[in-house]
2 protein chains.
Amino acid sequence: MKKEIPYKIYLEETELPKQWLNLRAFRPNKPAPLLHPTTFQPMTQADMEQVFCAELAKQELDDSTPFIDIPQEIIDFYKMYRPAPLIRAYCLEKALGTPAKIYYKFEGNNTSGSHKLNSAIAQAYYAKQQGLKGVTTETGAGQWGTALSMACAYFGLDCKVFMVKCSYEQKPFRREVMRTYGANVTPSPSTTTEIGRKILEEFPGTSGSLGCAISEAVETASKLDGYRYALGSVLNQVLLHQSVIGLESKTALDKYGEKADIIIGCAGGGSNLGGLIAPFMAEKLQGKADYQFIAVEPSSCPTLTRGKYVYDYCDTGKVCPLQKMYTLGSGFIPAASHAGGLRYHGMTSTLSQLYDEGLMQARSVKQTEVFAAAEQFARVEGILPAPESAHAIRVAMDEALKCKETGEQKTILFGLTGTGYFDMMSYEKFHDGKMSDYIPTQAELQKGLDGLPKI
Amino acid sequence: MKKEIPYKIYLEETELPKQWLNLRAFRPNKPAPLLHPTTFQPMTQADMEQVFCAELAKQELDDSTPFIDIPQEIIDFYKMYRPAPLIRAYCLEKALGTPAKIYYKFEGNNTSGSHKLNSAIAQAYYAKQQGLKGVTTETGAGQWGTALSMACAYFGLDCKVFMVKCSYEQKPFRREVMRTYGANVTPSPSTTTEIGRKILEEFPGTSGSLGCAISEAVETASKLDGYRYALGSVLNQVLLHQSVIGLESKTALDKYGEKADIIIGCAGGGSNLGGLIAPFMAEKLQGKADYQFIAVEPSSCPTLTRGKYVYDYCDTGKVCPLQKMYTLGSGFIPAASHAGGLRYHGMTSTLSQLYDEGLMQARSVKQTEVFAAAEQFARVEGILPAPESAHAIRVAMDEALKCKETGEQKTILFGLTGTGYFDMMSYEKFHDGKMSDYIPTQAELQKGLDGLPKI
């Protein structure tokens, strides 16, 4: 007999994953290599170590080790906020009147407010192991910067954060959280870097972009002794660390004899979705089980649904390695969307390849529909979602409503990456009817695509 | 052999309390009755029902039933965010170098950001049962208003919140959270009530007070058909509902064979502390076990440590019943302190009596010392505490450091009532060195005490 399923499934601390899952190692078709930003040759370990600390450079290039041990110090930190609950959305199911079973993995129960902490602590740990003084990074919506600040505080590392200017101004409280954890926060573009000064000269009134903040952080790390750069998404290493999301989810579902039919996640750079689907996709690639995967992106920044699958830079300043990925062009400046974490021009290469090969689907959704879903979810499930996470809620609800029509009792799993406490300005716009939807025209997208490197 | 204690102890949903504990029923000395605000006669059930819904009026007056069943609908709602974790502060212990064992019960993992939801859902439930249209209330820091908004959204009740004007202006995001849950939020004092208009006339530039907002909410409920008033602290019914905090804590500690020596909570109106200590104090009153209890209050609003134990009004407008309690006088206007939730002039009668009889201690702490503790805690334990909760952290740390001196291995339990995501303006002041401490002079306190009713 099946066990009765509680509202929240909490694994024991002893059930925390002891190894990360490296999805690329399960691929018969190996991913295209990262390319050096000036030579366009495949990046070597030595090249990578100029930017990242040694162990992370190694993880970044490793596409053959299926499981990588999680160091005990990181497991101990995970215990402060993990295992994260897998929640059965009984109340949402009832409100929708759907026969579908809906589960969500909630990653918001920590001060960074999102899943970002899973990789931040790993990156800080390896930097500490290498004897570094500190790390630099960028942050858009602020979750990643907060997460890295927390991780650095834990290991006594310095943390320099370049925060996209519009977020810095719109979210002063996020900045204060980072300061609480001892981080140094600079609005980007800034006058402290060459690339920042160049961009300010070219676009004097700019409110910044993630791509630009990345360039500034990389430049700063390269000029300071004992510093390396840390990135919160897009990279292979980040997807590796984020696999704890999926591993815990699968263990929890298995424990109750449940199997997901559809797995849904929002996708900016792809770290959350890549982590959530990892063990399920590994099964699919091995032919052990089948799942439907859906990546959800904002219609204002439709990387997968309207981008191109080519080599592109990860940053505006073109100082980072190139990835083969779905991209709108590193020069694409996304419209002011409130889901700051989903405003990235590219998509991590692993997910890009899976999408290109038809192993994963993608859907773009409008902002106002996302906020309508967010509000309904908040009222019935009690959790106030981050706008980014609400993209996944929107599609999960759409799929559940389809089941209502067809009568199918599908099992839906989605990733609820974080909370929206620092996004109330966007909620306010929504409540006041001042929120609009933006879908770029083909001509607007073409500008970004025209700037793609010719490789 | 004792089980190894995890970082976080999560009870199973089946271990949720099925009954609340009514601490007053364990008292040999019954508490002094509530008095009618105009006749000064003991409040009857009928009097109470003018203000509160019938079942809550009954609970308010019940000082003989030791345990009261929790309705299944409320237990179902509790399952969305409870059992709350009991956390072993391994990292804080290590950072302090103390031999003490520190536990905290964390109530912040829900959107209201605090323990307030425990009583809000009960009050909304009984209102719904009675067929009411809605409830009115006041909110200071905003946690209670958010909690009641969430509870009302769940049961489809209207919710009208009077928010102390200074909070309304300083915390627009809190207001938006309430709006997300469909509440109607009005800054207090407002022109929508008689008492509001009167206060605005007398003090044109006032930024409001909790006592005034209470009066406005009570007046509004009394004038609308199908509405009653709901209050988030001070009342017996609230302490009753909050006993889930203590009951869960005790079950979790018992499970691991642990016994607290010292139990610490911050105290504004007393709801969190009253709930946390309930089962432990019941044991103490029955002579079954001994514990040291410490109530922590801000030095800017020193109700227990410098107030008087007399009958006083719960609100500025003198429309609510009087309680015998420690009070600074309902006319006391606390200095601008950032722990908005602790700025109340009185202390719930149950705790007041326990303190008066020497069964509980009290300590007042300075704001800057509280924020220093908050920041250290955030860095090592990862949770960003609400300023209110940080009062308890301060004293827990002080007690743990005493153990370091004496070598005693005491077990400390404190209540971490909530998170500080909406209090970053206060953290900013602290980081920028712009936060000051305020301790009222005896002459300043005397003004409030001079206004006490002569009963």
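Residues numbered from 1 in each chain as written. Chains lettered and ligands numbered in written order. Predicted model: local features only at pLDDT ≥ 70, side-chain atom pairs only at ≥ 80, totals over all residues. Heavy atoms only, no water.

### Some points on the interface of chain A and chain B
The cut-off we apply is this: Contacts are assigned to residue pairs that have any heavy atoms within 4.5 Å of one another. Put simply, buried area is how much 1.4 Å-probe accessible surface two parts lose in total, over both of them, once they are put together. Salt bridge, as used here: a side-chain nitrogen of Lys or Arg that lies within 4 Å of a carboxyl oxygen of Asp or Glu. Under the rule applied, a polar contact is a pair of N or O atoms within 3.5 Å (in protein, one hydrogen donor and one hydrogen acceptor; residues adjacent in sequence only if both atoms are side-chain atoms). Secondary structure follows DSSP: runs of H or I at least 4 residues long count as helices, runs of E at least 2 residues long count as strands, and numbering of each begins at the N terminus.
On the chain B side, the residues contacting the 42 residues of chain A number 42 residues. Both sides of the chain A and chain B interface together cover about 4,000 Å² of buried area, and 57% of this is carbon and sulfur. For chain A, the biggest contributors to the area lost against chain B are Phe173, Thr180 and Tyr421 of chain A; these three give 18% of the whole. Our count for the contact surface shared by chain A and chain B stands at six salt bridges. For the pair chain A and chain B, the number of links is 27 residue pairs in polar contact (both at pLDDT 80 or more). Counting residues per element, the side of chain A that touches chain B draws most heavily on helix α8 (residues 172-180) of chain A, which supplies six residues.

### As for the relation of the copies chain A and chain B
Condition: We superpose the copies by least squares over the C-alpha atoms of residues that have a pLDDT of at least 70 in both of them.
Of the transformation placing chain A onto chain B, the axial shift is 0.0 Å and the rotation is 180°, giving an RMSD of 0.0 Å. Expressed as an axis order, the relation between the two copies is that of a two-fold axis. Of the residues that chain A buries at the interface, 100% are likewise interface residues in chain B, meaning the two copies contact each other through the same surface.

### Structural notes on unusual backbone geometry
Note the cis peptide between Ser188 of chain A and Pro189 of chain A, where omega equals 5°. Arg82 of chain B connects to Pro83 of chain B through a cis peptide bond whose omega is -10°. Here Pro83 of chain B shows up in the loop between α3 (72-78) and β4 (86-88). Of note in this structure, Val234 of chain B is not a glycine but carries a positive phi near 65°. Mapped onto the fold, Val234 of chain B is located in the loop between β9 (227-229) and α11 (236-255).

### Side note on the packing of aromatic side chains
Residue and element names in this part refer to chain A. Quick note on the threshold: We call Phe, Tyr and Trp rings a pair once their centres come within 6.5 Å, taking the six-membered ring for Trp, and we label the pair stacked below 30 degrees between planes, edge-to-face above 60, and tilted otherwise. Type-normalised accessible area, obtained with a 1.4 Å probe on protein chains alone, sets the label of each residue: buried when under 20%, exposed when over 50%, and partly exposed for intermediate values.
For the coordinates displayed, the defined rule picks out 41 aromatic pairs over all chains. Judged by centre distance (6.0 Å) and plane angle (40°), the ring pair of Phe52 and Tyr229 falls under tilted. Of this pair, Phe52 sits in the loop between α1 (45-51) and α2 (54-61) while Tyr229 sits in strand β9 (residues 227-229); the two residues are 177 residues apart in sequence, bridging distant segments of the chain. As far as burial versus exposure is concerned, Phe52 and Tyr229 are alike and both buried. With centroids separated by 5.3 Å and ring planes inclined at 20°, the aromatic side chains of Tyr104 and Phe414 adopt a geometry described as stacked. Note that Tyr104 is positioned in strand β5 (residues 101-106) and Phe414 in strand β15 (residues 411-416), a separation of 310 residues in sequence. One aromatic cluster is present, formed by Phe77, Tyr78, Tyr81, Tyr125, Tyr126, Tyr154 and Phe155 through successive ring pairs.

### Here we look at the sheet that holds strand β6 (residues 134-139) of chain A
All names here are of chain A. Applicable threshold: Pairing between strands requires that DSSP locate at least two bridges from one strand to the other. Lines fitted to the C-alpha atoms define the axes, with helices restricted to the stretch that makes contact. Angles between their N-to-C directions range from 0 to 180 degrees.
A sheet is described by the order of its strands in space; here four strands give the open sequence β8-β7-β6-β9, paired in parallel fashion. Looking at the sheet topology across the chains shown, the edges are occupied by β8 (184-188) and β9. In this sheet, neighbouring strand axes are inclined to one another by 25° on average, regardless of whether the strands run parallel or antiparallel. Sheet analysis places strand β7 (residues 158-164) next to β8, joined by five bridges and oriented parallel. Bridging from a neighbouring strand, Phe162 pairs with Thr186 of β8. The strands touched by α8 within the sheet are β6, β7 and β8, with β7 carrying the most contacts at an inclination of about 175°. Each of β6, β7, β8 and β9 is contacted by helix α10 (residues 210-223), which is oriented at about 170° to β6, the strand it contacts most.

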